[in-house]
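Summary of the model geometry
Chain by chain, the residues:
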Amino acid sequence: MTDDTHALAIGLRQRDPDLLDRLIEQYQQRLYRYLLFLTGNPSLAEDLFQETWIRVLERGSQYNGKSKFDSWLFAIARNLVIDASRRKKISSLEELGDPESNTPYDPPDERASSVLQLLVSRENEQSVQLSLLKIPPYYREVLLLRFSEELGLEEIAAVLATPISTVKSRLYRGLAALKTAMTEGAA
Amino acid sequence: MNDNLHERARRLLAESVVEGLRPADETWLREHLAECNSCAQNAGATQNALHALRTVPVSVPRDLAARTQLRVRLRAQQTSAAPGGSFWLWAVTAASWLLGVFSAPLVWRGFAWLGANFGLPKLALEFGFVLWWTVPPLLAAAIILHQKALTAEWSNKN
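The sections below set out a description of the structure shown in this document. (Residues numbered from 1 in each chain as written. Chains lettered and ligands numbered in written order. Predicted model: local features only at pLDDT ≥ 70, side-chain atom pairs only at ≥ 80, totals over all residues. Heavy atoms only, no water.)

What follows deals with the overall build of chain B. Broken down by element type, chain B carries five helices and zero strands. Ordered by position from the N terminus, the helices and strands of chain B form the series α-α-α-α-α. Looking at chain B residue by residue over its 158 residues, the buried ones come to 28%. Considering only intrachain contacts with a sequence separation of at least 6, the fraction spanning at least 24 residues in chain B is 59%. With the model as given, the accessible surface of chain B reaches about 10800 Å², and the carbon-plus-sulfur share is 65%. (Helix = DSSP H or I, 4+ residues; strand = E, 2+ residues; numbered from the N terminus. Buried < 20%, exposed > 50% of the residue type's maximum accessible area, 1.4 Å probe, protein only. Contact = heavy atoms within 4.5 Å. Areas by Shrake-Rupley, 256 points an atom, 1.4 Å probe, with all protein chains shown as cover.)

Pasting the structure below:
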């Protein structure tokens, strides 16, 4: 346990409001981006962003400081996304934990994609954000965690609560799917 | 060039970004990419995809952090009152339990005296004795559940 994570664990156990303020500021970009690309829905991503921090407040005592705070935070957010997808029947997220299902992935409609597009910079002409939405969510999330959030394989496994072998397999398939989607988008 | 070599290069390329390569494989891949245009293009496409993924900028809604901070502070204030309330509830429950344990012989004698003087059936006396033990914790549980319901209702409204 490093001094930083130990201090963080103590602060969370004590529900230190200043610490929480700092963490919200520090992680706002990464957490919101993760939620936005996972849900494809800006309004839902905002709700889940707030809910995630409420959970951090309420369950802060469960963070023991032995793992990275990032992994713990993303695991909370992911569980909330799964809960929301069950509650609100968001079809694109229903298979978040089940990539082996035989149901073909149906990408979100054009309207949802265009709403999302408004939130990302127009400078990124490669439309990676739209390509991301074209690939199944269980691949999308491992790609984001690995290459955007730069979490290690073990940390991703902790977030997803799955074996490392599953994480690797999803990364390989997700990478291939992203390349295909980007090639089709560029054509 | 042998198809197996391209297949190996494709596999190593993916491995290099997902979990890293052994030095020998890394050297082989570098040499292969230097002399194979199609694999080099594939490597370029992979690097482009990863670069785009790493650099995609997302605009966080204005005030989202501030709104979240406010909401978290409100929730913290609301729930910080609860531990004090819980403490007293647990203290009263513990005191009630201790009193129940130590007063049990007296209570039993009291019930026996009632039975002897009023001719109550033994079953009624035993039932009364059981109630003496169970009613206080049931009341405490009801209060706790009521408090939790109120908290949940408050959080849903906010």
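Here we come to the interface of chain B and chain A. Contacts between chain B and chain A engage 32 residues on the former and 43 residues on the latter. Per-residue buried area on chain B facing chain A is highest for B:Val18, B:Leu53 and B:Val58; these three make up 19% of the total on that side. Taken together, the connections running from chain B to chain A amount to seven salt bridges. Here A:Glu46 ties to B:Arg67 by a salt bridge, and the two come within 3.1 Å at their closest N and O atoms. If you look at where chain B meets chain A, you find 14 residue pairs in polar contact (both at pLDDT 80 or more). (Buried area = accessible area lost by both parts, 1.4 Å probe. Salt bridge = Lys/Arg side-chain N within 4 Å of Asp/Glu carboxyl O. Polar contact = N/O pair within 3.5 Å; in protein donor to acceptor, adjacent residues only side chain to side chain.)

Right, let's get into helix 1 (residues 3-18) of chain B. Taking 1.5 Å per residue as the helical rise, helix 1 of chain B with its 16 residues ought to reach 22 Å, and the 23 Å between its terminal C-alpha atoms agrees with that figure. Looking one or two residues past helix 1 of chain B, B:Gly20 carries a phi angle of roughly 90 degrees, positive in sign. (Expected span 1.5 Å × (residues − 1).)

Now for the packing of helix 7 (residues 137-148) of chain A against helix 8 (residues 153-160) of chain A. Residues and elements named next belong to chain A. Contact geometry for helix 7 and helix 8: axes closest at 10 Å, N-to-C directions at 140 degrees. The orientation of helix 7 relative to helix 8 falls into the category oblique. Considering how the two elements wind past one another, helix 7 and helix 8 form a crossing that is right-handed. Seen from helix 7, the contacting residues are Glu141, Val142, Leu145 and Arg146; seen from helix 8, they are Leu153, Ile156, Val159 and Leu160. Looking at side-chain class alone, the contact of helix 7 with helix 8 contains six nonpolar, no polar and two charged residues. (Axes fitted to C-alpha atoms, helices over the stretch in contact; angles between N-to-C directions. Parallel < 35°, antiparallel > 145°, perpendicular 65-115°, else oblique. Left-handed = near helix turned anticlockwise from the far one by under 90°. Nonpolar A, V, L, I, M, F, W, Y, C, P; charged D, E, K, R; others polar.)

On to the packing of aromatic side chains, then. Residues and elements named next belong to chain A. Scanning the model with the defined rule gives eight aromatic pairs over all chains in all. Measuring from ring centre to ring centre gives 6.0 Å for Phe69 and Trp72, while their planes differ by 45 degrees; the resulting arrangement is tilted. Residue Phe69 and its partner Trp72 are both found in helix 4 (residues 69-88); the two are separated by three residues, about one turn of the helix. The exposure class of Trp72 is buried, given its relative accessible area of 15%. (Phe/Tyr/Trp six-rings, centres within 6.5 Å; stacked < 30°, edge-to-face > 60°.)

One recurring pattern in soluble globular proteins is that nonpolar side chains are buried together. In terms of nonpolar packing, the biggest core is built from 68 residues, with A:Leu12, A:Trp53 and A:Phe69 touching the most fellow members. Top contributing element to this core by residue count: helix 2 (residues 17-39) of chain A, with twelve residues. Here A:Trp53 is in contact with A:Leu20, A:Leu23, A:Ile24, A:Tyr27, A:Leu31, A:Phe69, A:Leu73, B:Thr68 and B:Val72, once residues within four sequence places are set aside. Core analysis: the second largest hydrophobic core is formed by nine residues, B:Ala9, B:Leu13, B:Trp28 and B:Ala43 among them. (Core = buried A, V, L, I, M, F, W, Y, C linked by side-chain atoms within 4.5 Å.)

A word on the pattern of salt bridges. Once their charged atoms are close, side chains differing in charge can pair, the charge on each being opposite to the other. All names here are of chain A. Under the criterion given, the structure shown has 16 salt bridges over all chains. Here Arg78 and Glu141 are joined by a salt bridge, their closest N and O atoms 2.9 Å apart. Placement of Arg78 in helix 4 and of Glu141 in helix 7 is noted, with a sequence separation of 63 residues between them. Here Arg78 and Glu141 have matching classes, each one buried.

Another point: the packing of helix 1 of chain B against helix 2 (residues 23-35) of chain B. A pair of packed helices can be characterised by two numbers: the angle between their axes and the separation between those axes. All names here are of chain B. Where helix 1 meets helix 2, the closest approach of the two axes is 10 Å, and the angle between their N-to-C directions is 120 degrees. Relative to helix 2, the element helix 1 lies oblique. As for the relative orientation of helix 1 and helix 2, their crossing is left-handed in sense. In this structure, helix 1 contributes Leu5, His6, Arg8, Ala9, Leu12 and Leu13 to the contact, and helix 2 contributes Asp25, Trp28, Leu29 and His32. In terms of residue class, the contact of helix 1 with helix 2 is built from six nonpolar, two polar and two charged.

The values are spatial; any link to function lies outside them.
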